[in-house]
Amino acid sequence: MDVNGTVAEGFEPVRDAFARNFEALGERGAALAVYRDGRKVVDLWAGTKDVDGTEPWRPGTAQVVRSATKGVAAAVLLLLRQRGELDLDAPVAEYWPEFKARGKERVLVRHVLNHRAGLPVIDRPLTPEEALDPLRGPEAVAAQAPVWEPGTDHGYHALTYGWMLDELVRRVTGLGAGEWIAREISGPLAAEFWLGLPEAEEAAGRAGRVGRVEAPEPTGALRARPRRSVTEAYQDPDSLTRRAFAAITPFPDQNEPAYRASALPATNGIATADGLARIYAALIGEVDGVRLFDPATVELARAEESAGPDRVLVVNTRFGLGYMLHGSASPLLGAGSFGHPGRGGSLGFADPESGIALGYVTNGFRKTVTADPRAQALVRAVRSAL
């Protein structure tokens, strides 16, 4: 596999790990960017633009990053809080009165970000057409009763997270989350990240086609197997796990222009590796004169809010405010790292102690929800280079 791009001196192991992902882990097309203290030190790409095609991946190729979108979306609420426009400890209904129906009066804005709202499911899943309507998702969540007492436990809000966040942003600013990101984050940073791919970018073919790829058969005597409880949770149609991921049924075709043009802050951001890394770099430091989070907001983002058994993912997870934190479910660079993986592969995170920000995007989605082996190999290589 021909790997394109550059690495700074000392980061050669990262290039080697990126190449091995193609040789040993079934990678089809991918890109990786790493910033250190606001300066890009890794910029790599290889493979094909489309998971099922032959056109080569080029600089500027973007992909759907699934739940890695959540970390960028979380920055919107934290920046609104930083600017004094949003109180994380206020009830959601203070900004969105319709939300308080059916026992949700005590759901706080904080609970939306730390996955403690008790609203990972909706009783009637939305159709793909309904899901792309920016009004229908928030309406469904507003009409939903919590499945546990808000604030008392945590469980991953796989899709409902986005509808709650989007409506909060709209009520506070008058803009959807995608519009706000374009104006206040991506635009000032010149970062290639879109929540709602513009028509001109779609016409220019910026986004590649994504799809499911199977992992190579493991070798050796020991083979990692998912815990039986996890397997059973994903198989049981009545489990919170299945219901959370089925809040849109059937799930839309992620390659359709209509899907890519919509704004689902939980799942359909489209980014280059550089765009994702650049945003995280600006969360923890200055990038070309732009810094997003002040030091207090960085600490707020990565302070542990939820930890332990996750009622949806059925493994131990750790969350700050909108971000997954370093732990067994999603190993990042170190104890102080914060970020978010995307189901099937992609990853974005920042590590304030080392000044590292990483963005990894791929067109080949695997069954993994959090710790994808390809992303983890890259994280280990970055760690070894420090």
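Anyway, here's the lowdown on the structure attached to this text.

## Here's the deal with the overall build of the protein chain
Each helix and strand in the protein chain was counted, giving 15 helices and 14 strands. Since a compact globule built from 386 residues should have a radius of gyration of about 21 Å, the 19 Å found for the protein chain is in line with a globular shape. Reported as C-alpha extents along the three principal axes, the dimensions of the protein chain are approximately 55 × 50 × 40 Å. A burial count over the protein chain gives 59% of its 386 residues as buried. Sequence separation of 24 or more characterises 68% of the internal contacts of the protein chain that already satisfy a separation of 6 or more. A total accessible area of about 15000 Å² is found for the protein chain, and carbon and sulfur atoms account for 49% of it. Taking the 44 positively charged and 50 negatively charged side chains of the protein chain as two groups, their mean positions are separated by 4 Å.

## Observations regarding the packing of helix α1 (residues 12–24) against helix α15 (residues 373–385)
The interhelical angle for the contact between α1 and α15, taken along N-to-C directions, is 165 degrees, at an axis separation of 8 Å. Taken as axis vectors, α1 and α15 run roughly antiparallel relative to one another. In the packing of α1 onto α15, the handedness of the crossing is right-handed. Residue-level inspection shows P13, V14, A17, F18 and N21 of α1 in contact with α15, the latter providing R374, A377, L378, A381, V382 and S384. Class assignment for the residues of the contact of α1 with α15 results in 8 nonpolar, 2 polar and 1 charged.

## A closer look at the nonpolar core
Judged by nonpolar contacts, the single largest core of 80 residues is most densely connected at I185, L292, F293, Y323 and F338. Ignoring any residue separated from it by four or fewer positions in sequence, one finds I185 in contact with V72, A75, V76, L79, W180, I279 and L292. Among the nonpolar cores identified, the runner-up in size contains 28 residues, and V42, L347, I356 and A381 belong to it.

## Comments concerning the sheet that holds strand β7 (residues 270–271)
Ordered in space as β4-β7-β5, the 3 strands form an open sheet in which the pairing is antiparallel. Both outer strands of the open sheet, β4 (63–64) and β5 (193–194), are each paired with one neighbouring strand and no more. Bridging between β4 and β7 involves 2 bridges; their strand directions are antiparallel. Bridge pairing links V64 to I270 in β7.

## Re the pattern of salt bridges
Scanning all chains against the criterion turns up 26 salt bridges. Between E130 and R124 there is a salt bridge whose closest N-O contact spans 3.1 Å. We classify E130 as buried; its relative accessible area is 14%. Note that R170 is salt-bridged to D166, the shortest N-O span being 3.0 Å. Of the two residues, R170 and D166 both sit in helix α7 (residues 160–173), 4 residues apart, roughly one turn of that helix. Within this structure, R124, E130, R136 and E139 form a network of salt bridges that share partners.

Definitions and cut-offs
- Residues numbered from 1 in each chain as written.
- Predicted model: local features only at pLDDT ≥ 70, side-chain atom pairs only at ≥ 80, totals over all residues.
- Heavy atoms only, no water.
- Helix = DSSP H or I, 4+ residues; strand = E, 2+ residues; numbered from the N terminus.
- Rg over C-alpha atoms; globule rule 2.2 N^0.38 Å.
- Buried < 20%, exposed > 50% of the residue type's maximum accessible area, 1.4 Å probe, protein only.
- Contact = heavy atoms within 4.5 Å.
- Areas by Shrake-Rupley, 256 points an atom, 1.4 Å probe, with all protein chains shown as cover.
- Lys, Arg positive; Asp, Glu negative; His and termini not counted.
- Charge placed at Lys NZ, Arg CZ, Asp CG, Glu CD.
- Axes fitted to C-alpha atoms, helices over the stretch in contact; angles between N-to-C directions.
- Parallel < 35°, antiparallel > 145°, perpendicular 65-115°, else oblique.
- Left-handed = near helix turned anticlockwise from the far one by under 90°.
- Nonpolar A, V, L, I, M, F, W, Y, C, P; charged D, E, K, R; others polar.
- Core = buried A, V, L, I, M, F, W, Y, C linked by side-chain atoms within 4.5 Å.
- Pairing = 2+ DSSP bridges.
- Salt bridge = Lys/Arg side-chain N within 4 Å of Asp/Glu carboxyl O.

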